[in-house]
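Close look at the chain arrangement
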Amino acid sequence: TAIPVGLSNKSTIQKFYYNRFHDNASKFSTSGMGMHSINFNSQVHDKNFFYNAILMSTDFVIDEFSLPFPTHIFIDAHGAEDEIILGMEKTLGNSSLIVVMVDVEDKKLEESISHKMITEAGFKLADKITEVGSGVVPTSYKGVYERSKQ
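Heads up: these notes are all about the structure in this document. (Residues numbered from 1 in each chain as written. Predicted model: local features only at pLDDT ≥ 70, side-chain atom pairs only at ≥ 80, totals over all residues. Heavy atoms only, no water.)

Helices and strands together make up the secondary structure of the protein chain, namely 4 helices and 7 strands. Beginning at the N terminus, the succession of helices and strands in the protein chain can be written as β-β-β-α-β-α-α-β-α-β-β. Taking all 150 residues of the protein chain together, the buried fraction comes to 37%. Carbon and sulfur atoms provide 54% of the accessible area of the protein chain, an area that totals close to 8900 Å². (Helix = DSSP H or I, 4+ residues; strand = E, 2+ residues; numbered from the N terminus. Buried < 20%, exposed > 50% of the residue type's maximum accessible area, 1.4 Å probe, protein only. Areas by Shrake-Rupley, 256 points an atom, 1.4 Å probe, with all protein chains shown as cover.)

This part is about the sheet that holds strand E6 (residues 123-131). The 4 strands are arranged E4-E5-E7-E6 in an open sheet whose pairing can be described as mixed. Taken across any chain shown, the strands that pair with only one partner, and hence form the sheet edges, are strand E4 (72-76) and E6. Within this sheet the neighbouring strands show an average axis-to-axis angle of 15°, counted without direction. Bridge count for E6 against strand E7 (residues 140-147) is 8 bridges, and the pairing is antiparallel. Paired with Lys128 across the bridge in E7 is Gly143. (Pairing = 2+ DSSP bridges. Axes fitted to C-alpha atoms, helices over the stretch in contact; angles between N-to-C directions.)

Written as structure tokens, this is what we have:
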């Protein structure tokens, strides 16, 4: 049984908006490519189509549910990347984590809270890719960070 849990910097319940590029709610996209988000955007979301999502920090989820510790993390959260990174301070500090990839929208990678926290945790930016958006799809900046050698 799948239980949808979103990652954030705190434990809360928040609206999760579906995209509106379908002719009815039963056809709304539920994949990660659907431009659905906890951040309402009138260009892509309908305020009437959402569900209440449980959000928890990565640190809490790993500890509370005794999950195996990740060695690689990829974050593509359509605008909520900084909140997710803020909720994984302990995870970023663990030397078992060796690669973090993050997709940031709306601002350049090096200007994001995500970049600052990841690099302060001992990672270096190993590669970055800019994907220019069009229409309602924003430009995204992908960064691959590797843990610096001690």
